[in-house]
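Residues per chain, in single letters:
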Amino acid sequence: MVFPEYRPRRMRKNAALRALIRENRLDASQFIYPLFVMPGKNKREAIGSMPGVYRVSVDQLAREARECLELGVNSVILFGLPEKKDAMGSGAHAKNGIVQQAIRELKNKAPEMTVVTDVCLCEYTDHGHCGCLINKAVDNDATLEILAKTALSHAEAGADMVAPSDMMDGRVAEIRAALDEHGHEGIPIMSYAVKYASAFYGPFRDAADCAPQFGDRRGYQMDPANSREALREATLDVDEGADILMVKPAVAYLDIISKLRDEFDLPIAAYHVSGEYAMIKAAAEKGWIDGERVMEETLLSIRRAGADIIVTYFAKDMARLLRG
Ligand code: PBG
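All of the points below concern the structure found in this document. (Residues numbered from 1 in each chain as written. Predicted model: local features only at pLDDT ≥ 70, side-chain atom pairs only at ≥ 80, totals over all residues. Heavy atoms only, no water.)

1. Structural notes on the overall build of the protein
Put simply, the rule is: Numbering of helices and strands runs from the N terminus; a helix is a DSSP stretch of H or I covering at least four residues, while a strand is a stretch of E covering at least two. Radius of gyration here is computed from C-alpha atoms only, and the compact-globule reference equals 2.2 Å multiplied by the residue count raised to the power 0.38. Each residue gets one of three labels from its accessible area relative to the maximum for its type: buried under 20%, exposed over 50%, partly exposed in between, using a 1.4 Å probe on protein chains only. Note on contacts: a residue pair is in contact if any heavy atoms of the two residues lie within 4.5 Å.
Tallying secondary structure elements over the protein gives 11 helices and 12 strands in all. The C-alpha radius of gyration of the protein comes to 20 Å, within 12% of the 20 Å expected for a compact globule of 324 residues. If you line up the protein on its principal axes, its C-alpha atoms span 70 × 45 × 40 Å. Split into buried and exposed, the 324 residues of the protein put 52% on the buried side. In the protein, the share of contacts with a sequence separation of at least 24, taken over all contacts with a separation of at least 6, comes to 73%.

Structure follows, in structure tokens:
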């Protein structure tokens with residue numbers, strides 16, 4: 001059927017018809033909202049490069065959780081700013097570490113909240129790299145054990161899901177084994193399977209104080225030029241026992257999300273990262289774009305590419321917009 005018999009505009013005539021044939025929808029229950037937790041009491045610090053996002057102390061978490069839950073955002077991912085850092089990132093797996101405290105607080109005060117934790121060392125090492133160093137290089141195999149300890153400490157504090165973001169080879173298998181050995185076979189792993197060495201993480205590194213003190217992360221995070229390698233990375237994580245595959249960043253990598261969607265039957269997550277968020281906020285503040293519409297269109301594009309789950313700083317704003 002071709003024009004003039006077939007006219008696609010017929011189905012775009014009004015809002016009801018458009019809604020009837022809409023292929024993709026956003027749903028607050030598939031958003032994960034990132035929370036930055038800091039030491040101290042009664043703290044709520046704005047993050048300059050991420051308008052609307054705050055670092056909060058543990059006692060403020062219940063309030064954050066309540067706000068999310070009321071909007072239908074039932075999942076958060078935790079990032080911690082520890083009191084002290086060291087070469088081995090030992091704060092990452094401290095029994096009373098900042099994230100471990102945050103998990104216990106949330107599970108105590110808002111038990112219906114799904115608490116995901118980011119498993120990585122960069123916020124806890126004094127050099128800012130995602131693993132421990134041997135001869136100024138991140139040592140893969142020595143790091144695995146620390147990551148597994150970290151994931152286990154999160155599970156023991158009550159986390160519902162762990163999300164390794166370090167990009168060490170073999171970490172999913174190591175974490176799975178550690179969890180299973182200690183009776184946490186019910187805790188899923190959302191793997192940052194395909195994480196690129198991206199400049200879009202800039203604002204996050206301010207927020208979480210985790211910029212590398214020398215060099216960069218190109219020795220472990222993926223080269224932005226590669227796409228076949230993304231399938232290889234994802235395949236490894238599936239074989240090692242990942243429950244969810246994540247792509248990060250999102251918008252500059254929609255082709256990768258789409259490829260993973262076609263290739264794998266696991267749930268796919270995408271992380272709409274700090275720089276992607278900051279660009280929209282900045283342009284909207286200048287009055288150059290309609291921030292709300294660009295937010296919705298952007299998150300829809302991630303959904304359309306094939307992501308089930310979206311980790312986003314827009315989770316609350318978008319949920320509010322969906323409520324109308
Ligand atoms: C930790 C981690 C980072 C992000 C999530 N987990 C920073 C990095 O890899 O440098 C970035 C998130 C964002 O930019 O919003 N490794």
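2. A closer look at the packing of helix H7 (residues 228-240) against helix H8 (residues 254-263)
To keep things clear, this is the line we draw: Lines are fitted to the C-alpha atoms to define the axes, a helix being fitted only along its stretch in contact, and any angle between axes, read from their N-to-C directions, falls within 0 to 180 degrees. Oblique is the label for every angle not falling under 35 degrees (roughly parallel), over 145 degrees (roughly antiparallel), or within 65 to 115 degrees (roughly perpendicular). By convention, the crossing between two helices is left-handed when the near helix turns anticlockwise from the far helix through less than a right angle, and right-handed when the turn is clockwise.
At a closest axis distance of 10 Å, the pairing of H7 and H8 adopts a crossing angle of 50°. As summarised for this structure, H7 and H8 are arranged oblique, according to the angle between their axes. You can see that H7 and H8 cross each other, and the crossing is right-handed. Within the contact between the two elements, H7 uses Ala230, Leu231 and Ala234 and H8 uses Ile256, Lys259, Leu260 and Glu263.

3. Here we look at the site of the ligand
Rule in force here: Whether a residue is near a molecule or strand is decided by its heavy atoms; if any one of them lies within 4 Å of it, the residue is near. Polar contacts, as used here, are pairs of N or O atoms within 3.5 Å; protein pairs need one atom able to donate a hydrogen and one able to accept it. Residues neighboring in sequence count only if both atoms are side-chain atoms. Gly counts as polar in this scheme, as do all residues outside two lists: the nonpolar Ala, Val, Leu, Ile, Met, Phe, Trp, Tyr, Cys and Pro, and the charged Asp, Glu, Lys and Arg.
Neighbouring residues of the ligand: 18 residues in total, closest Lys195, Arg205, Lys248, Ser274 and Tyr313. Lys195 places a side-chain nitrogen or oxygen 2.6 Å from an oxygen atom of the ligand. In the model, a nitrogen atom of the ligand is placed 3.3 Å from a nitrogen or oxygen of the Lys248 side chain. Across the shell around the ligand, the residue classes break down as nine nonpolar, three polar and six charged.

4. Some details on the state of the cysteines
The line we're drawing: The term disulfide is used for any two cysteine sulfur atoms that are within 2.5 Å.
For the structure shown, the criterion picks out zero disulfides. No disulfide involves Cys120; its nearest neighbouring cysteine sulfur is the one of Cys130, lying 3.6 Å away. Exposure remark for Cys120: the relative accessible area of 2% places this residue in the buried category.

5. Examining the environment of Leu254
Here Leu254 shows up in helix H8. On a C-alpha basis, the gap between Leu254 and Ala270 in space is 9.0 Å, while along the polypeptide they are 16 residues apart. Setting aside its immediate chain neighbours within four residues, Leu254 contacts Ser301, Ile302 and Ala305.

6. Things to note about the packing of helix H10 (residues 291-305) against helix H11 (residues 315-323)
In contact at an axis separation of 11 Å, H10 and H11 are set at 100° when each is read in the N-to-C sense. In terms of axis orientation, H10 runs roughly perpendicular to H11. Here Glu292, Met295, Glu296 and Leu299 of H10 come into contact with H11, specifically with Asp317, Met318 and Leu321. When grouped by side-chain class, the residues that make up the contact of H10 with H11 number four nonpolar, no polar and three charged.

7. Examining the pattern of salt bridges
Condition: In the sections that follow, a salt bridge refers to a side-chain nitrogen of Lys or Arg positioned within 4 Å of a carboxyl oxygen of Asp or Glu.
For the structure on display, the rule yields 16 salt bridges. Among the salt bridges present, the one from Lys85 reaches Asp209, with a minimum N-O distance of 3.4 Å. In this pair, Lys85 is assigned in the loop between strand S4 (75-80) and helix H3 (98-109) and Asp209 in the loop between helix H6 (202-207) and H7, connecting sequence segments 124 residues apart. Here Lys85 falls in the partly exposed class, since its relative accessible area comes to 28%. We classify Asp209 as partly exposed; its relative accessible area is 46%. The residue Asp180 makes a salt bridge to Arg176 at a minimum N-O spacing of 3.0 Å. Of this pair, Asp180 and Arg176 both sit in helix H5 (residues 171-181), four residues apart, roughly one helical turn. Through salt bridges that share partners, Arg44, Glu64, Glu67, Lys281, Lys316, Asp317 and Arg320 make up one connected network.

8. Overview of the pairing of S4
This is how the line gets drawn: A pair of strands counts as paired when DSSP detects no fewer than two bridges linking them.
For S4, the tally of buried residues reaches six of six residues, placing the bulk of the element in the interior. Burial along S4 is two-sided: Ser75, Ile77 and Phe79 and Val76, Leu78 and Gly80, pointing in opposite directions, are all buried. The pairing of strand S1 (residues 31-38) with S4 spans six bridges and is classified as parallel. Pairing of Ile32 across the sheet is with Ser75, part of S4.

9. Brief notes about the pairing of strand S12 (residues 309-312)
Here S12 shows a buried face lined by Ile309 and Val311 and a second buried face lined by Ile310 and Thr312. Sheet analysis places strand S11 (residues 268-272) next to S12, joined by four bridges and oriented parallel. Bridged to Ala269 within S12 is Ile309.

10. A few points about the packing of aromatic side chains
Let me state the cut-off plainly: In this scheme Phe, Tyr and Trp rings, the latter by its six-membered ring, pair at centre separations within 6.5 Å, and the angle between planes marks the pair as stacked below 30 degrees, edge-to-face above 60, and tilted otherwise.
Tallied over the full model, the rule gives nine aromatic pairs. Centroid distance Tyr192 to Tyr271: 6.1 Å. Interplanar angle 40°. Geometry classified as tilted. Linking Tyr192 in strand S9 (residues 190-195) with Tyr271 in strand S11, this pair joins segments that are 79 residues apart in sequence. Considered together, Tyr192 and Tyr271 belong to a single accessibility category, that of buried residues. Site record: aromatic cluster; members linked through ring pairs are Phe36, Phe79, Tyr192, Phe204, Tyr271, Tyr277, Tyr313 and Phe314.

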